[in-house]
Amino acid sequence: MMFSWKLEDQPVDTTPPLLLELRNLTTVFPTRRGLVRAVDGMSFMLREGEKLGIVGESGSGKTVTLLSILRLVPHPGEIVDGEALFLGEDLLHKPRTEMRKIRGKEIAMIFQDPLTTLNPVFPVGEQIRESLGIHNIVSSSNGWLSRLFDRRRIAAEQERVIQVMRDVGIPSPVERAKNYPHQFSGGMQQRVIIAIALSCEPHLLLADEPTTALDVTIQAQIMDLLNKINREHGTSVILVTHNLGVVAEFCDNIIVMYAGWMMEKGTVEEVIADPKHPYTQGLLRCLPRISEKREKIHPIPGLVPDLARLPPGCPFSPRCDQAMPECKEDRPFPLIELGEGRLVRCLLY
Ligand code: SF4
């Protein structure tokens with residue numbers, strides 16, 4: 001009997017390609033009171049088009065993780081270990097000139113407070129155009145002299161500015177491009193920041209608490225906008241927030257951080273429906289729910305620890321309602337794999 005092998009018989013791998021992989025990323029800050037391990041051995045993978053949320057209270061290492069990826073950790077902070085592989089190449093070992101080309105063009109970041117990010121003395125259209133100019137996105141000629149006098153290039157850049165302002169939902173973009181940041185509301189300023197980030201069509205968007213300074217309605221609009229960008233352009237997003245509710249609505253996967261450690265990881269459905277780590281359980285108990293009639297929400301007792309004086313053992317032990325004597329011992333606390341991509345760092349498992 002003849003054996004026939006058709007192309008369509010072959011299993012098709014539909015897993016999106018890997019975009020970013022962090023391996024044991026460790027960032028420290030020397031302080032007068034001791035060494036602060038702001039990010040301690042962070043490892044995760046992000047695929048193309050994926051939306052990953054990193055949640056945790058202030059000081060858990062979320063923002064430092066993003067800054068480490070872009071090598072923008074402020075002095076005296078230092079990345080002391082690990083790798084950050086972007087499209088297979090380690091960002092931590094790239095020359096500075098190459099990193100400058102990657103920032104904004106390949107990986108863009110949206111910061112928390114639009115007013116401190118935007119320059120108050122330039123019209124917003126000019127600020128978006130600057131980003132295009134830096135990365136030569138719509139350049140039509142070579143050499144600095146010809147670039148300077150290239151009217152076609154400037155017209156193309158202006159057209160791109162208007163287009164990207166329209167894409168992020170800024171009405172009357174032709175007129176609004178001439179306005180200064182103070183002439184925009186908080187929500188519109190954040191749209192301008194997103195327009196700057198999107199102007200070069202990056203593969204990866206790092207969004208650091210992009211809705212914190214905004215009211216709830218505008219928050220929802222900005223999250224809808226990020227969703228639209230992800231859907232239409234396939235842009236991967238890492239969203240950093242303290243709000244588990246925002247992550248639950250927006251993301252595919254969640255990482256929960258505490259004191260620089262990854263405490264739990266899984267899909268949104270897994271982590272929200274069945275949180276394993278006592279810290280994640282505590283964060284979820286803090287969320288108000290419309291479906292449940294609750295007298296009051298239950299905050300996690302105690303305070304975020306001083307990272308320069310962490311207790312021995314599990315850093316969450318002073319606040320954990322399930323702590324055991326061995327949790328306070330100076331011993332390794334490895335991540336336990338509970339299923340494919342489902343991780344937890346806790347002695348209960
Ligand atoms: Fe709580 Fe112990 Fe688990 Fe830490 S290791 S979260 S203290 S049970």
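Cut-offs applied
- Residues numbered from 1 in each chain as written.
- Predicted model: local features only at pLDDT ≥ 70, side-chain atom pairs only at ≥ 80, totals over all residues.
- Heavy atoms only, no water.
- Helix = DSSP H or I, 4+ residues; strand = E, 2+ residues; numbered from the N terminus.
- Areas by Shrake-Rupley, 256 points an atom, 1.4 Å probe, with all protein chains shown as cover.
- Lys, Arg positive; Asp, Glu negative; His and termini not counted.
- Charge placed at Lys NZ, Arg CZ, Asp CG, Glu CD.
- 1 Å grid on protein atoms, 1.4 Å probe; cavity = no way out; pocket = protein on both sides within 12 Å on 5 of 7 lines; lining within 4 Å.
- Points joined across faces, edges and corners; volume = space filled by probe spheres on them.
- Nonpolar A, V, L, I, M, F, W, Y, C, P; charged D, E, K, R; others polar.
- Pairing = 2+ DSSP bridges.
- Near = heavy atom within 4 Å.
- Sits in = over half its atoms within 2 Å of the grid points.
- Contact = heavy atoms within 4.5 Å.
- Axes fitted to C-alpha atoms, helices over the stretch in contact; angles between N-to-C directions.
- Salt bridge = Lys/Arg side-chain N within 4 Å of Asp/Glu carboxyl O.
- Buried < 20%, exposed > 50% of the residue type's maximum accessible area, 1.4 Å probe, protein only.

Engineer: Just give me the short version of the overall build of the chain, but keep the residues and values in it.
Structural biologist: When you go through the chain residue by residue, the secondary structure sums to 12 helices and 12 strands. The principal-axis extent of the C-alpha atoms belonging to the chain is close to 75 × 70 × 45 Å. Accessible surface, the chain: about 18,600 Å² in total, of which carbon and sulfur atoms supply 54%. Put simply, the chain has 40 plus and 44 minus side-chain charges, and the middle of one group is 5 Å from the middle of the other.

Engineer: Would you mind going over empty space enclosed by the protein in detail, with residue names and values included?
Structural biologist: One simple way to see leftover space: roll a probe sized like a water molecule over the atoms. Taken as a whole and assessed by the stated rule, the structure comprises 1 cavity of 30 Å³ or more. Looking at the largest cavity, its volume works out to about 100 Å³. Lining the largest cavity are 14 residues, and of these Pro278, Cys314, Cys320, Cys327 and Cys346 lie nearest its centre. Across the lining of the largest cavity, the residue classes break down as 10 nonpolar, 3 polar and 1 charged.

Engineer: Give me the pairing of strand β11 (residues 336-339): which residues, what numbers.
Structural biologist: Pairing between β11 and strand β12 (residues 342-344): 3 bridges, direction antiparallel. Bridge assignment links Ile336 to a residue of β12, and that residue is Val344. Counted along the chain from β11 to the antiparallel partner β12, the turn is 2 residues long, and its residue Gly341 has a positive phi close to 75 degrees.

Engineer: I'd like a description of the site of the ligand, backed by residues and values.
Structural biologist: Near the ligand lie 13 residues; those nearest to it are Cys314, Cys320, Cys327, Cys346 and Leu347. When atoms are counted within 2 Å of each cavity's grid points, the one that captures over half of the ligand is the largest cavity. When its residues are assigned to classes, the shell around the ligand shows 10 nonpolar, 3 polar and no charged.

Engineer: Report on the sheet that holds strand β4 (residues 78-86), specifying residues and quantitative values.
Structural biologist: Strands belonging to one sheet form pairs held by backbone hydrogen bonds; the direction of such a pair is parallel or antiparallel. The sheet built from 4 strands is open, its strands ordered β2-β1-β4-β5 with antiparallel pairing. With one partner strand each, in any of the chains shown, β2 (34-47) and β5 (89-90) form the two edges of the open sheet. Here strand β1 (residues 18-31) pairs with β4 via 7 bridges, running antiparallel. Each bridged residue has a counterpart across the sheet, and for Val28 the counterpart in β4 is Glu78. Lying on the sheet, helix α1 (residues 62-69) is in contact with β1, β2 and β4; it crosses β1 at an angle near 115 degrees.

Engineer: Describe the pattern of salt bridges, with residues and values.
Structural biologist: Within the structure shown, the criterion is met by 14 salt bridges. One salt bridge connects Arg23 with Glu21, and the closest N-O pair in it is separated by 3.3 Å. Accessibility expressed as a relative area gives 16% for Glu21, which makes it buried. When the shortest N-O distance is used, the salt bridge between Lys94 and Glu89 registers 2.3 Å. For Lys94, a relative accessible area of 12% puts it in the buried group. The class of Glu89 is partly exposed, set by a relative accessible area of 44%.

Engineer: Describe the sheet that holds strand β6 (residues 107-110), with residues and values.
Structural biologist: Read across the sheet, 8 strands follow the order β6-β7-β8-β3-β9-β10-β12-β11 without closing on themselves; strand pairing throughout is mixed. Of all strands in the sheet, those bounded by a partner on one side alone are β6 and β11. Ignoring strand direction, the axes of neighbouring strands in this sheet form an average angle of 20 degrees. Judged from the 4 bridges that link them, β6 and strand β7 (residues 204-208) form a sheet pairing that is parallel. Note on β7: the bridge partner recorded for Met109 is Leu206. Lying on the sheet, α1 is in contact with β3 (51-55), β6, β7, β8 (236-241) and β9 (253-258); it crosses β8 at an angle near 145 degrees.

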